[in-house]
Amino acid sequence: MTAPLFSGRARRSVAALGAVSAGLLLLSACGEEKPTPLATVTVGTASVSTEASCHGGKEPLSMEKVQECLTNLKDPKTVEYARGDTLRLGVEPEVVEDGKRWSAVLDGQPITEPSSNTYRSFPGADVFATGGQGEAPASKKLAFLQIGEDGKPLAVWSFNLKLK
């Protein structure tokens, strides 16, 4: 009869060490994709920030993907907006590094030119104005688009403005 190489206790210890090592390896593999920079919308004292809802990593987004990101928002952060409030939009500096720019889009229509500044402010803006064309909607979709040096979209951050 041969004697076991490891006792029962040693085998359990080796198995536990192996399980912990495998778990750490899996966590490190998941951690390769770091979070995207934040974009922020502030109205009065209310402020909401979020990571990009769509991003292509190092590759640009297709126009179809951008359109999908602008129309099919999944649980966007919401901020209440009253007519005449100051609307403040901001991005982290990483969004505009290396010649990148960003632009704001309201209900699919650009409301700013592409900019390399990290902050934009619109005092007294009425983003719910209808120009006499009926009743204002209860909410509007606001998105930020990150644009690469080549003019192609890289990421989209999505928000919801709710009329007070």
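Everything quoted here is computed from the prediction, not taken from an experiment.

Draft legend 1. The arrangement of the overall build of the protein chain in detail. A tally of regular secondary structure across the protein chain gives two helices and ten strands. Of all 164 residues assigned to the protein chain, the portion counted as buried reaches 32%. Counting only carbon and sulfur atoms, one obtains 54% of the accessible surface of the protein chain, whose full area is about 10,400 Å².

Draft legend 2. Focus on the sheet that holds strand E8 (residues 119-122). The strand order E2-E1-E5-E8 describes an open sheet built from four strands, whose pairing is antiparallel. Taken across any chain shown, the strands that pair with only one partner, and hence form the sheet edges, are strand E2 (46-50) and E8. Here the strands of the sheet are splayed against their neighbours by 10° on average, with no regard to which way each runs. Where strand E1 (residues 39-43) lies against E2, five bridges are found, and the strand directions are antiparallel.

Draft legend 3. Summary view of the pairing of strand E5 (residues 87-91). Counting buried positions over the five residues of E5 gives four, a clear majority of the element. Note: E1 against E5, five bridges, orientation antiparallel. Paired with Thr42 across the bridge in E5 is Arg88. Where E5 and E8 come together, four bridges link them in antiparallel fashion. By the bridge assignment, Leu87 is partnered in E8 with Phe122.

Draft legend 4. Inspection of the nonpolar core at higher detail. Among the nonpolar cores identified, the biggest contains 25 residues, and Val41, Leu87, Leu89, Leu142, Phe144 and Leu161 are the most heavily contacted of them. Contributing elements (two or more residues each) for this core: E1, strand E4 (77-81), E5, strand E6 (101-106), strand E9 (139-147) and strand E10 (153-163). The dominant element in this core, judged by the number of residues it contributes, is E10, at four residues. Leu161 has contacts with Val41, Val79, Leu87, Leu106, Val127, Phe128, Ala138, Ser139, Lys140 and Leu142, leaving out every residue within four places of it along the chain. Residues Val66, Cys69, Ala143 and Val156 belong to the second largest nonpolar core, which totals nine residues.

Draft legend 5. Quick look at the confidence of the model for the protein chain. Of the residues in the protein chain, 80% reach a pLDDT of 70 or more, and the chain-wide mean stands at 83. Across residues 14-32, confidence stays below pLDDT 50; counting only partners more than four residues off in sequence or on other chains, it has zero contacts.

Draft legend 6. Representation of the environment of Gly84 in the model. Positionally, Gly84 belongs in the loop between E4 and E5. Residues contacting Gly84, with those up to four places away along its chain left out, are Gly124 and Ala125.

Draft legend 7. Layout of unusual backbone geometry. With phi around 55°, Asp98 is a residue other than glycine that occupies positive phi space. Turning to its location among the elements, Asp98 is positioned in the loop between E5 and E6.

What counts and how
Residues numbered from 1 in each chain as written. Predicted model: local features only at pLDDT ≥ 70, side-chain atom pairs only at ≥ 80, totals over all residues. Heavy atoms only, no water. Helix = DSSP H or I, 4+ residues; strand = E, 2+ residues; numbered from the N terminus. Buried < 20%, exposed > 50% of the residue type's maximum accessible area, 1.4 Å probe, protein only. Areas by Shrake-Rupley, 256 points an atom, 1.4 Å probe, with all protein chains shown as cover. Pairing = 2+ DSSP bridges. Axes fitted to C-alpha atoms, helices over the stretch in contact; angles between N-to-C directions. Core = buried A, V, L, I, M, F, W, Y, C linked by side-chain atoms within 4.5 Å. Contact = heavy atoms within 4.5 Å. pLDDT = per-residue confidence, 0-100.

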